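Here is how the chains run, residue by residue.
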Amino acid sequence: QETCERTKVAVLGAGVAGVTAAKSLSDNGIDDFLLVEYQDRIGGRMHDVGFGSGPDGYPYVVEAGANWVQGTVTGDGPENPIYTLAKKNNITTLFTDQDNTTYFDESGPANYHDAIQEFQDALEKVTIDAGSLLKHNIQDRSFRAALRLQGWDPAKNDSHRQAAEWWLFDGEFAYTPGESSEIFTSVAENATFDYFSEENLFVFDQRGFATIIREEAAEFLVESDSRLRLSTQVKGVDYRKDSVTVHTNRGCIDADYAIMTFSVGVLQKGVVEFAPQLPSWKEDAIHSFELGTYTKIFMQFPQAFWDNAQYLIYADRETRGYYPEFQPLDLPGVLEGSGLMVATVVNDQSYRVEAQSFEETQAEVMEVLRSMYGPGIPDPTDLWYKRWTQTPWAYGSYSNWPPSTSLQAHQNLRANVGNLFFAGEATSQEFFGYLQGAYFEGKHVGETIADCLHGTGNCTVSDEQQKYPVLTGVTPYNLYNYEHGWFVDTIS
Ligand SMILES: Cc1cc2nc3c(=O)[nH]c(=O)nc-3n(C[C@H](O)[C@H](O)[C@H](O)COP(=O)(O)OP(=O)(O)OC[C@H]3O[C@@H](n4cnc5c(N)ncnc54)[C@H](O)[C@@H]3O)c2cc1C
């Protein structure tokens, strides 16, 4: 019989949710915890990396993972906690201006601004319709169906409209409208961009965006803190009513509670063996939500050859989503003189691109860029991207709700099993996919467990999170409440 190390709370994963959970334990007087992390760093899907070479010979720091503060604050209104942390750490950002865009197709510069406007109008109408479905307890449907109902139904070969749709939808949610929920995509959009603000801030800080979470960790961890267990892989979790045992490649941990923050992709791949097997309502929930992929292809060119625009959007005649978005980083006031540019693909194109070599991808990207800027532009001196679909600690980028799901189905993703709790961007009802989702969920679960540890009485029973072993398809409007993880009033 193996002797396990003892702690009160095992926090599994040191991304935004895990670090925030541990910090809220610490803030609430619980210092006996272990923070267990697969990688040799904290931050998770906040992932700054060195790329290319700068004037002093050192690489630039670029963001392979989260890159924007999405939603800031309006007036004296509620402030996005990620924005609060970005301000606290003086993170360098560029105000994203989607109007500062140049449009292209296979024959060079093109004008499809009308298509963009048309799609924006349709989006607005869908959001209103979604609110009405939710309030009247009506079955969810696909975002595609909702768009058609509002008169947006571009032909497959209408590459301009397809590009407009890709840019404003797939480029944000990493799935097509057909693969996304009308109600909950609208909720995510509303929560982040109406409740906080429409502002997006693009981070290009040379300390890396994850500075914000490293600094959060530094507030409760001392240097070389023995409670932080980097390079430690969780292989199994045994859960019970009153305790949890975590099995890692470096031994086991007995804890009163554990907080699981791994991505939905990691949970779906069966990397962690649960004992007993997870109940079917939990298994169903894990497999019912999707993890989208957003792939950023970083390139360094000998010099900038592009328009001084924040975005260059390309409409491919044949394939929707084929290298549709380019973001120059070498712009006045940004990484000037760097020659850096990012191309983005998502979803099916991510799987395709991530499965091929950098050389193959470079040949494809350059063919597109030459159709935009002519044959004379140079090849990049460097090209790199992170293969999110193949990354064993993530298996994708951020989560998405498929059509015809319900708040109850999602509540099952959040709900605890015995003393094993779940938190992360995907468990957030309103801010799933975003950093603030991971933050809110981590903070909430840390506070809940601190309460349990301080409390008298049988906390695991009295504080058990709601779950729905039987799903009826629609969640009554009155259940959109705090107990169901509906923290802020985002339905107007
Ligand atoms: C390419 C990309 C672009 C994005 N863009 C944005 C953006 O612009 N704005 C925004 O708000 N959000 C963005 N996101 C989403 C945002 O990054 C996530 O929502 C957030 O970082 C998730 O935090 P988390 O703590 O829930 O999960 P994670 O960051 O995944 O944390 C989980 C941790 O668990 C660890 N782990 C996994 N498996 C194991 C194991 N077996 N054993 C031990 N540890 C394990 C992981 O290494 C990781 O550190 C983006 C994400 C990606 C990938």
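Residues numbered from 1 in each chain as written. Predicted model: local features only at pLDDT ≥ 70, side-chain atom pairs only at ≥ 80, totals over all residues.

Under an unreviewed UniProt entry, the name given to the protein chain is Amine oxidase, and the source organism is Penicillium nalgiovense. Recorded in UniProt under Sequence similarities (unreviewed entry), the annotation for the protein chain is "Belongs to the flavin monoamine oxidase family." In UniProt, the protein chain has this text filed under Cofactor (unreviewed entry): "FAD". (UniProt positions renumbered as here; feature names shortened; annotations may be inferred.)

### Structural notes on the overall build of the protein chain
Broken down by element type, the protein chain carries 14 helices and 22 strands. Against the compact-globule benchmark of 23 Å for 492 residues, the protein chain has a radius of gyration of 23 Å, which places it among compact chains. Structurally, the protein chain occupies a C-alpha span of about 70 × 55 × 45 Å along its principal axes. For the protein chain, buried positions account for 49% of its 492 residues. (Helix = DSSP H or I, 4+ residues; strand = E, 2+ residues; numbered from the N terminus. Rg over C-alpha atoms; globule rule 2.2 N^0.38 Å. Buried ≥ 20, exposed ≤ 12 C-beta atoms within 10 Å, placed from the backbone.)

### Overview of the packing of helix α1 (residues 16-27) against helix α13 (residues 435-454)
Axis separation between α1 and α13 bottoms out at 7 Å; the angle between their running directions is 35 degrees. Crossing hand, α1 versus α13: right-handed. When α1 is examined against α13, the residues Val16, Ala17, Gly18, Thr20, Ala21, Ala22, Ser24 and Leu25 are found in contact with a partner set consisting of Leu435, Ala438, Tyr439, Glu441, Gly442, Lys443, Val445, Gly446, Glu447, Ile449 and Ala450. Of the residues in the contact of α1 with α13, the class split is eleven nonpolar, five polar and three charged. (Axes fitted to C-alpha atoms, helices over the stretch in contact; angles between N-to-C directions. Left-handed = near helix turned anticlockwise from the far one by under 90°. Contact = placed C-beta atoms within 7 Å. Nonpolar A, V, L, I, M, F, W, Y, C, P; charged D, E, K, R; others polar.)

### Thoughts on the UniProt feature "binding site: FAD" (unreviewed entry) in the protein chain
The feature "binding site: FAD" (unreviewed entry), as given by UniProt, occupies Val234 in the numbering adopted here. Along the chain, Val234 turns up in strand β11 (residues 234-239). With sequence-adjacent residues up to four places away left out, Val234 is seen in contact with Leu12, Val36, Val246, Thr248 and Val272.

### Some points on the sheet that holds strand β6 (residues 93-95)
In space, the three strands of this open sheet follow the order β5-β9-β6, with antiparallel pairing throughout. Strands at the two margins of the open sheet, each flanked by one partner only, are β5 (68-70) and β6. Within the sheet, the average angular offset between the axes of one strand and its neighbour, ignoring direction, is 25 degrees. Summarising the sheet, β5 and strand β9 (residues 200-203) pair through three bridges and their orientation is antiparallel. (Pairing = 2+ DSSP bridges.)

### Points about the site of the ligand
Near the ligand, the surroundings consist of 39 residues, among which Gly13, Gly15, Gly44, Gly424 and Glu425 are the closest. Secondary structure elements with two or more residues in the shell around the ligand: α1, β5 and α13. Two domains each provide a minimum of three residues to the shell around the ligand, namely domain 1 (5-46 + 210-288 + 402-484) and domain 2 (48-206 + 294-390). (Near = placed C-beta within 6 Å. Domains from an automatic or database assignment.)

### Quick look at the sheet that holds strand β20 (residues 382-384)
Remark on secondary structure: sheet strands pair via backbone hydrogen bonds, oriented parallel or antiparallel. Spatial ordering of the open sheet is given by β8-β7-β17-β18-β19-β16-β20, a layout of seven strands whose pairing is mixed. The two strands at the open ends of the sheet, each matched to only one other strand, are β8 (108-109) and β20. Inspection of the sheet shows strand β18 (residues 325-328) paired to strand β19 (residues 340-346) by four bridges, in the antiparallel sense. The residue bridging Pro328 from the neighbouring strand is Met341, located in β19. Running at roughly 115 degrees to β19, helix α10 (residues 347-355) makes contact with β16 (294-300) and β19 of the sheet.

### As for the packing of helix α9 (residues 280-288) against helix α12 (residues 407-414)
In the contact formed by α9 and α12, the axes pass within 8 Å of each other and the chain directions differ by 105 degrees. As judged from the angle between their axes, α9 and α12 are roughly perpendicular. Residue-level inspection shows Trp281, Lys282, Asp284, Ala285, Ile286 and Ser288 of α9 in contact with α12, the latter providing Ala409, Asn412 and Leu413. (Parallel < 35°, antiparallel > 145°, perpendicular 65-115°, else oblique.)

### Re the pairing of β9
Both β6 and β9 contribute to a ladder of three bridges, which runs antiparallel. Each residue of the ladder has a partner; that of Leu94, found in β9, is Phe202.

### A look at the confidence of the model for the protein chain
Per-chain confidence: the protein chain averages 95 in pLDDT, with 98% of residues scoring 70 or above. Confidence estimates for the predicted assembly give a pTM of 0.97 and an ipTM of 1.00. (pLDDT = per-residue confidence, 0-100.)

### Some details on the UniProt feature "domain: Amine oxidase" (unreviewed entry) in the protein chain
UniProt feature "domain: Amine oxidase" (unreviewed entry): in the numbering of this structure it lies at residues 16-445. Regarding residues 16-445, the helix share stands at 34% and the strand share at 21%, and the terminal C-alpha atoms are separated by 13 Å.

### Thoughts on the pairing of strand β4 (residues 60-63)
Both faces of β4 are covered, namely the face carrying Tyr60 and Val62 and the face carrying Val61 and Glu63. Of the pairings in the sheet, the one linking strand β3 (residues 48-51) to β4 comprises four bridges and is antiparallel in character. Each residue of the ladder has a partner; that of Val49, found in β4, is Val62.

### Some details on helix α5 (residues 159-173)
With 15 residues, α5 ought to run about 21 Å at 1.5 Å a step, and its terminal C-alpha atoms sit 20 Å apart, in line with that. The largest bend along α5 measures about 40 degrees and falls at Trp166. With twelve of 15 residues buried, α5 is to be regarded as a mostly interior element. Considered for burial, the residues of α5 that qualify are Ser159, Arg161, Gln162, Ala163, Ala164, Glu165, Trp166, Trp167, Phe169, Asp170, Glu172 and Phe173. (Expected span 1.5 Å × (residues − 1). Bend = angle between axes of the 7 residues up to and from the residue.)

### Examining the domain arrangement of the protein chain
The domain boundaries assigned to the protein chain delineate domain 1 (5-46 + 210-288 + 402-484) and domain 2 (48-206 + 294-390). Computed over C-alpha atoms only, the centres of domain 1 and domain 2 are separated by 30 Å. Domain 1 puts 24 residues into the contact, and the matching count from domain 2 is 29 residues. For the side of domain 1 that touches domain 2, the elements supplying multiple residues, two or more each, are α7 (211-218) and α13. Among the elements that line the side of domain 1 that touches domain 2, the one with the most residues is α7, at four residues.

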